[in-house]
Every structure is written in structure tokens, then in C-alpha cells.
Amino acid sequence: MQILQSWLLILVYYAVAGFALAHFWTTESLMPVEPLAFLALFLVTQNLKIQLQLRFQSLSFTFSDIALVLALFYLPLFWVLAVKLLAVVIWQGSRLLRHEVPVFKPAVNLAASSVGTSAGCVTVALLGLGGADEPRTWLVLVTAVVIATVCTWIPFVTIIPIAQGWALTKPVVGRLPVGILVSLIGGSVGIICLALIDTNVWAIVPIALVAGIFILLARNYARIRKARAVLDDLNSFTQVASGAVRSNRLLDAVLHKLREIMQSEYAVLWIPREGRYPQVRLVSSADGVALSDTDPIHPELEERVVRQDQAMDVGAYAGTFEERLWLRESGLDGAIIVPLRSGPETYGCLAVANKIGGELARFNSDDRQLMETIAAHVSVAVDNSRLIDQLTYDAYHDPLTGLPNRRRTTDAVAEAIAINVADDVAAVMLFDVDNMHEVNDALGHEAGDRLLNEFAERLRQKAPQSAFIGRVDSDEFIVQLRVPTTRQAGELAQELHDQVAEEPFNHHGVLIDISAAVGVVTHPDFASTAEEMLQRANTAVRQAKENGNHVTVYHTGLESQSLRRVGLAADLRRALDAEALEVYYQPKIDLRTGEVEGAEALLRWSHSTYGFISPEEFISIAAQTGQLGRLTEWVLRQSMRQAAEWSDENGPLPMAVNLSPRTLADLNFPDRVGNVLNEFGISTDRLIFEITEDDMVADGPRLTPVLQRLHEAGVQLAVDDFGTGYSSLSYLRRLPVSEIKIDLRFVQGMNTDPDDRAIVKAIIDLAEHFDMRVVAEGVETAEVMDELRQLGCDSGQGYYFTRPLPAQRFETWLDSHRNSGR
């Protein structure tokens, strides 16, 4: 409806020109050269424009006012109107044919020229003209030019509000006083030219020369003024952008300021979706205060700029035919689109469209350069804003899985605790993924990272929608939610565990079982703070691992166990300082001769409060508290001292010492071993290090460098608890193993269980194949010893010979054994 009304008004203004032409029709003969000369003059002068701009106001001097003064004096009014309108039709038609503007705008411009020129002609007809040297003639002609200028505004202020809204009409109305002033100047200059030409027609030459010089000087002056204005605008823009970043109003401030600086109808920011950042499409327009997302620019133009990383200027004389076609489809006169860059990457674009400033206002190369400079400032500001956002995000999220990290998880648990709901409890479930160490060693850390991502994704899918999921450590995940009771929290944890572990993880064809130990704790039943909940969930996880259960719900009994471990850690340090630990020794007997061929050093700790502490418990504590290296070196030193003291004609007594994989991972350990052996004058072949089969298989590749150095130095290596593992025996070929110790469970059952006997025999045969010695642990009867001897076992160790004894008692036993001749 608005478009129809606009066209009806345009036709009305055309009718005004038609009535004027009919009224001024004349049969007076006229030389064709005169209308053609003025047609050429109108065509030239309407494209000659000197424009000094200040914000949305512009002081534009057009030479068409001079041409109109001369035409009104020298031509019949019919020909003035006809030639002027023909010049406008030719000029606007050429723009339309070049697809520079849509058809509506030339139609409005032609209507404005029709009304304005008709009003000027009517003014001259009513007031009449005298000679070129009469002041009255001058006044009439200037009045006609001013009236023509004022009437030219009528179509704009009546058609544009209907077609495009009043907001776009305000700048036009605001320029009316300036337009009147300019028409007065133009009309006065026209009178001067008229007086000179009427005196001597050749005055046209100096007039043209002066006009050319004036145009050149005026444009240079305008360029200098614009350059200064650009610097001021850039300074102002930088201050606005900097302040906007601090106030979190970056995009609003940037787009409004950009539209003001570029004197454009629209300013657009488009950033495509990237990663976790959503798409941003914001538009500042002259007819709105708030930003909108209705983009007037054709999306193909914006996408081409981002894709090609190159600025684009589309308009009357710029852009390809396809680009101008897209611009016309958007209903725009011109646009500049520039890329936004972050380093070498293009992440979006900034655009302005429709230059405000009159008929001849359009974007030029200076505007494009200014836009590129502004885009650089915007890129810095947006980068700063995104950097702050990224830093904030990174501070609270895990980079691998994208889940909230420990800091954010702790805050979330604290928030859950702060909510008092009488009918339910806040539950924390800590999932500790199993076997991550083995996966990383066997398949690499890439596989481990993929497994952790898979585990996180399964938790997201299986956990209730209300649950909060976070990653608090390398292989630990938290699920926090509210449930009716602690019991239901445990049941839900078991259900979640089973669902997550339901299918194996496929890594390039290798299937890996996904499992985890889960610790559950609830508030207010068993914890009152977030840190306390996480700490007690850890306690429950450790208990789940020790008991072999998948899920353990925290209870107060676990706390006493945890406190016991903390106390034992401190007591172990004091015991090492006071040398309150003790080394026991168990002999290794040659089954063929009955002679003592060595001993195994076994560490014992009798606690003043708890009594006997198992080696498994306090060695685990030593490993977790960083005391294992010191503990191992102390045992090594004590056993080597005794080995030297128990020497016979063959030298120091061979001594076996148990080692942890953590100790063998220390690259400096062989040097410390060498120092201890040198201190007591013991050759390396008298020392045997024992490591369990499970540790040998799991950590073999990581331990190989240290084991190889020990082997090259002459230290022996034994595989302890052999037969309990379930993996490949290829490590027997890869690692410098010289001795195998059969696990006591097979030895003790070999006389009653044929399967155990078969296993023992297979191990002995295997060792013989690899040229290794075999030691049977757990020899408790003469029958077992005889059976082992018949199977070809080299050595035995067990209660049949003696229990582990402290150093003084072992020395007595050793002397007795040697003296007995056995």
C-alpha cells in the first residue's frame, strides 16, 4: 500500500511538470543549438558538486543553479523546463541502465526536478525579467532559483515518509536551510556570470577557467578537512570502543558510532558461528534506536568478503555485475563491507550501507579506507572482548572435554549445598576412570584423551538433565544433583556406572572396556561444605578401588580409615627419621644341594598404636606421600650392610630387594644403587631386584631404560608373583629378566590340585626355555619340596625352611644352617 501511494504522488508531481509544459508551450522559433547547448550544460553541471560534510549535515554547492539562472534568462520557459527535465531523464536513466540504483529512486529524483524547475519557471513568468544589467532581473532570477530549491524538497518530504519512514526524512528536512543558503550563493554566482556573458560572450572562457580552479581548490580543501575529520572520528571511535569493552556494550557502541562516522543509513556486524561462539548478526539503522538482527545486506556479499578475506565496495561505479545485482535485490544504493581479522584468521565482517547526504552522496575510496581502518580497531576491541570471555571460560572449564573444571565444580557444589530443600539431599558422585595409565602407555595419550571424551559424553547422555557434570582431575568426573535419599544416590550411581560401562570404547578397532570406581557422598548427611564433599567422595572412591567394588557410598567408618592413613603417613616419616622400621630376611634355598643361596629383604613396621602394619598399606602410603624413594634406599642400605656381614668364602650373601615401579621410573636410581654397593664393597651380581609380574607388564616399556642400565651394571632382575598375570609373556624377551618366582598360591596347592601342579610345571619349563632360574615361593612341606626338585625347580623359599626373621635371629639361623652342613 505504501509503495502504491508513493507512486501515485510521483505521478502527481509529473502531472505538475506536464501542466507547466503545456502552459509555457510556445511556437517561437529557436535555433536548435541553444537547447542543445543548455542540455549539455545541465548534464555537466548537475554532476559537478563541491561538498563539505560535517556529521550528517553537508554544504553542497552544485553548478546546476548557475545553469538554471542562465537558462531562465536566455531560453523560453518551455525550453527551460523541457531541457532541464530531459537532462535529468538522461542522467537518471543512465544510472538505472547501469544498475546503480533501483527504479524508485530515479523516479523520485525526476519528480523533485519536475516540481522545482516548474516552480522556478512560474516565478519568472509571474515576476517577469528585464535586461541583464537590471538589479530587478537579478532579484527575480535569484528568487526563482531559491523557490526552485525549496520546491525540490517537497517530493522528498512527502514520498520518503510513506515509502521508507519518517526517520529517513529527518536528514533531508534538516538540510533545507543549508540548501536555501547554497541556492542563494549559486544564484548570485549565476547573476555574475550572466552579467559578464551579456557584456561579452567570450567571458565564458575565463568563467570556465575560474570555475575549474575553484572546483580544484575547493575539493582539495574538502579533502584536507575530511582527513582531519577522519582523524577526529578515529580518535573518537577508539575511545568509544575502549569504553564499550569495559562496560560490556561493545557492539552497540561500535555500530552506532560507525553509522554516525560513515554517514550511512545502516551499519552491520556479522560474525558466523564458530565453535562455542554463536552467530552474531546486529544492525544499527537510522530509523531505530536499538540494534536489530534484520540485515539489509545480501548474505552472499557478506559471505564472499569473509571467504575471500577482501574488502568489497559495491555501488554506482564499484563491484561486479553479480555483486551490484545482489545489492539491488537488497534495495540498497551502495555498501562497503570489510573483513574482521584476528591475526591471520577472518572471523566476520563489518559493513555500512546507503550513504546519507543527498542525490550524489555515495561511498568512495576514502570511505573504504576509513572502513578498513575502523575494522582494524573493531577487530582489536572484539579480540579483547573475546579474549576476556575466553579467559573467563578457560578459567572455569576443562580444555579437553569442555566440562566445568574443579573450580567451577566446587562453586556448583557450594551452590547446591546453599539450597535448603527438606525433602531431598545434594549428592556428589565422583567417577574415577579405571586403567587410564595402561591405556596411555599401550595406545598413547591420544587414545587416552579420546576415551576421556567418550566417558564425558556418555555421562552427559546418561545423567539426568538436572545433573551438573564436571571434570575435577585428569581421570575424575563429578556428577552433582539432588535426590530424595542417600540410598537412592547410591543406586543412581550404580545405574550410571553400568550404563556408561555398557559398551566398550572402540579406538581404531581396539576395544577397551570403560569402567570407573565411584564414590558417593551426600549433604547434609555426611558433609557440610563443597570441599568436604569432594574430599569425602575421594575417600569413597579409594575404598571402592581397595574393595574391588564399583560404587561405594561414603559413611563415617571410611573417615576413620582415611584419618588412619593420614596419621600413618606422618608416623612413617618419623619412623624413617628414627630408623624405627625393621628389615626381616627370608632365605632362598638351593633345592638340589640344600645350601642357602641368598635371602630376600622384607620390610616390617610395628606401630606403637596400630601394631603390625602390612607392607602393602604403608608402602602405598609412602608412594602417595613422596617417601617411597627414601624408604627404598633405606631398605637397600640395611640389606647390603647385612649382606656384607654375612659373607662366606663365596663373598657377600646374595640379597633380593622388592621394588615399586615408581622407584624404577626414577632415572637417577641406578646411580644411587651403585653408590650403596660401593659403600659396602658389594659387587652388583650379589643384588637382585624383584618386581611383580603385574607391574612388569603394565609399566615395562616405561621402566626399560632404568632396568637396562641396572642389567648392564650387573644387577639381577626377578619377576615376582609369576603366574598371576593375564597378559602376554613377550616382556620376558624384551626385559633383562634372569629369575622367575612362582606365586605361592600355585606352589601350596600343587600336591592337591592337578591344575596348580600343571601351572608350576609349565612355568618351570618356560623358564628353562628362556634360560632363567626358578624360585618357588610358599614351600611349606617336604612333599612340596621333593615335587619341586623332581620338576627341576632351582630354588625354594617358604616356612618349611624358616619364616622371615629379623637380622639378629636370621644370623643365628644362618650360622646354624651352615654349620649343620646342609
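Cut-off values and rules
- Residues numbered from 1 in each chain as written.
- Predicted model: local features only at pLDDT ≥ 70, side-chain atom pairs only at ≥ 80, totals over all residues.
- Heavy atoms only, no water.
- Helix = DSSP H or I, 4+ residues; strand = E, 2+ residues; numbered from the N terminus.
- Areas by Shrake-Rupley, 256 points an atom, 1.4 Å probe, with all protein chains shown as cover.
- Expected span 1.5 Å × (residues − 1).
- Buried < 20%, exposed > 50% of the residue type's maximum accessible area, 1.4 Å probe, protein only.
- Polar contact = N/O pair within 3.5 Å; in protein donor to acceptor, adjacent residues only side chain to side chain.
- Pairing = 2+ DSSP bridges.
- Axes fitted to C-alpha atoms, helices over the stretch in contact; angles between N-to-C directions.
- Core = buried A, V, L, I, M, F, W, Y, C linked by side-chain atoms within 4.5 Å.
- Contact = heavy atoms within 4.5 Å.
- Patch = residues over 30% accessible without salt bridge, like charges linked within 9 Å, V, L, I, M, F, W, Y side chains within 5 Å.
- Salt bridge = Lys/Arg side-chain N within 4 Å of Asp/Glu carboxyl O.
- Lys, Arg positive; Asp, Glu negative; His and termini not counted.
- Charge placed at Lys NZ, Arg CZ, Asp CG, Glu CD.
- pLDDT = per-residue confidence, 0-100.
- Parallel < 35°, antiparallel > 145°, perpendicular 65-115°, else oblique.
- Left-handed = near helix turned anticlockwise from the far one by under 90°.
- Nonpolar A, V, L, I, M, F, W, Y, C, P; charged D, E, K, R; others polar.
- Phe/Tyr/Trp six-rings, centres within 6.5 Å; stacked < 30°, edge-to-face > 60°.
- Lys NZ or Arg CZ within 6 Å of the ring centre and 35° of its normal.

1. Considering the overall build of the protein chain
- The helix and strand tally for the protein chain stands at 29 helices and 24 strands.
- Carbon and sulfur atoms provide 56% of the accessible area of the protein chain, an area that totals close to 39000 Å².

2. Side note on helix α18 (residues 530-547)
- Here α18 contains 18 residues, and its C-alpha end-to-end distance of 26 Å stays within 8% of the 26 Å for a straight helix at 1.5 Å per residue.
- Where α18 is concerned, the buried positions are Ala530, Met533, Leu534, Arg536, Ala537, Thr539, Ala540, Val541, Gln543 and Ala544.
- Between a side-chain oxygen at the N-terminus of α18 and the backbone nitrogen of glutamate 532 the separation is 3.1 Å; the capping residue is threonine 529.
- In the stretch just after α18, glycine 548 is the one whose phi turns positive, near 75°.

3. A few points about the sheet that holds strand β13 (residues 516-523)
- As summarised here, the arrangement of the 5 strands in space is β9-β10-β8-β13-β14, forming an open sheet in which the pairing is mixed. Whereas interior strands pair on both sides, the edge strands pair on one side only; in this sheet they are β9 (468-473) and β14 (551-553). Recorded for the sheet is a direction-independent mean angle of 20° between the axes of neighbouring strands.
- Bridge count between β13 and β14: 3 bridges; the pairing is parallel.

4. With respect to the nonpolar core
- Formed by 75 residues in total, the largest nonpolar core has its most connected members in Phe689 and Leu788.
- Ignoring anything within four residues of it in the chain, the contact list for leucine 788 reads Leu591, Val747, Met750, Val760, Ala776, Val779 and Cys793.

5. Concerning the environment of glutamate 322
- Within the element layout of this structure, glutamate 322 appears in helix α12 (residues 321-329).
- The partly exposed category is assigned to glutamate 322, whose relative accessible area is 38%.
- In this structure the C-alpha to C-alpha distance between glutamate 322 and leucine 301, which are 21 residues apart in sequence, comes to 9.7 Å.
- In terms of polar contacts, glutamate 322 uses its side chain to reach the side chain of arginine 304, at 2.9 Å.

6. With respect to unusual backbone geometry
- The omega torsion of the bond from histidine 523 to proline 524 falls at 10°, within 30 degrees of zero and hence cis.
- Locating proline 524 in the fold gives a position in the loop between β13 and α18.
- Positive phi outside glycine occurs at glutamine 263, with the angle close to 50°.
- In this structure, glutamine 263 sits in the loop between α10 (250-262) and β3 (264-271).

7. Brief notes about a negative patch on the surface
- Together, Glu495, Asp498, Glu502 and Glu503 make up a region of like negative charge exposed at the surface.
- With respect to the element layout, glutamate 495 can be found in helix α17 (residues 486-500).
- Glutamate 495 sits in the partly exposed class, given a relative accessible area of 44%.

8. A few points about the side chain of aspartate 743
- By the secondary structure assignment, aspartate 743 is in the loop between β21 (739-742) and α26 (744-748).
- Using a relative accessible area of 5% as the deciding quantity, one classes aspartate 743 as buried.
- Side-chain polar atoms of aspartate 743 contact the side chain of arginine 745, separated by 2.8 Å.

9. Concerning the confidence of the model for the protein chain
- Residues at a pLDDT of 70 or more form 80% of the protein chain, whose mean pLDDT is 79.
- Per-residue pLDDT stays below 50 along residues 52-58; that stretch engages in 24 contacts with residues further than four places along the chain or on separate chains.
- Between residues 244-248, whose pLDDT stays under 50, and residues either more than four places distant or in other chains, the model counts 6 contacts.

10. Quick notes on the packing of helix α2 (residues 33-45) against helix α3 (residues 64-74)
- Between α2 and α3, whose axes approach to 9 Å, the crossing angle comes to 165°. For the element pair α2 / α3, the angle class is roughly antiparallel. In this structure, α2 meets α3 at a crossing whose hand is left-handed. In contact with Glu34, Phe38, Leu41, Phe42 and Thr45 of α2, α3 contributes Ser64, Ala67, Leu68, Leu70, Ala71 and Tyr74.
- For the contact of α2 with α3, the residue count by class is 8 nonpolar, 2 polar and 1 charged.

11. Things to note about the sheet that holds strand β6 (residues 335-342)
- The sheet built from 5 strands is open, its strands ordered β4-β3-β7-β6-β5 with antiparallel pairing. Only two strands of the sheet have a single partner each, and these edge strands are β4 (280-285) and β5 (312-314). Shown here is a sheet whose adjacent strand axes are inclined to one another by a mean of 15°, direction ignored.

12. Overview of the pattern of salt bridges
- Within the structure shown, the criterion is met by 30 salt bridges.
- Across the pair glutamate 454 and arginine 458 runs a salt bridge whose closest N-O atoms are separated by 2.9 Å. Here the residue glutamate 454 and the residue arginine 458 both occupy positions in helix α16 (residues 445-462), the gap between them amounting to 4 residues, near one helical turn.
- With relative accessibility at 28%, the residue glutamate 454 sits in the partly exposed group.

13. What about the packing of aromatic side chains?
- As enumerated under the stated definition, the model contains 11 aromatic pairs in all.
- Ring geometry for tryptophan 646 against phenylalanine 810: centres 4.9 Å apart, planes inclined by 45°, an arrangement best described as tilted. On the criterion of sequence distance, the pair formed by tryptophan 646 in the loop between α21 (628-645) and β18 (655-658) and phenylalanine 810 in helix α29 (residues 807-819) is long-range, its members being 164 residues apart.
- With a relative accessible area of 2%, tryptophan 646 lands in the buried category.
- For the pair phenylalanine 669 and phenylalanine 689, a centre-to-centre distance of 5.6 Å together with 45° between the ring planes defines the contact as tilted. Separated by 20 residues along the polypeptide, phenylalanine 669 in helix α23 (residues 669-680) and phenylalanine 689 in strand β19 (residues 687-692) bring together distant segments of the chain.
- Accessibility expressed as a relative area gives 3% for phenylalanine 669, which makes it buried.
- Three or more aromatic residues joined by ring pairs form one cluster here, namely Tyr585, Trp646, Phe810 and Trp813.
- Positioned over the ring face of tyrosine 584 is arginine 604, at 6.0 Å from the centre of the ring.
- A cation sits over an aromatic face here: arginine 803 above tyrosine 799, 4.1 Å from the ring centre.

14. Some remarks on the packing of helix α15 (residues 436-443) against α16
- Here α15 crosses α16 at 140°, and the two axes come no closer than 6 Å. By the angle between their axes, α15 is oblique relative to α16. Note on element contacts: α16 touches α15 through His445, Ala447, Gly448, Leu451 and Leu452, opposite Met436, Val439, Asn440 and Leu443.
- Here the residues of the contact of α15 with α16 are counted per class, giving 6 nonpolar, 3 polar and no charged.

15. Structural notes on the environment of glutamate 303
- Among the secondary structure elements, glutamate 303 is positioned in helix α11 (residues 299-308).
- Residue class for glutamate 303 comes out partly exposed when judged on its relative accessible area of 31%.

16. Re the environment of isoleucine 742
- Mapped onto the elements of the fold, isoleucine 742 is located in strand β21.
- Using a relative accessible area of 0% as the deciding quantity, one classes isoleucine 742 as buried.
- The contacts of isoleucine 742, once residues within four sequence positions are left out, are Phe722, Val747, Val760, Ile763, Ile764, Val774, Val775, Ala776 and Glu777.

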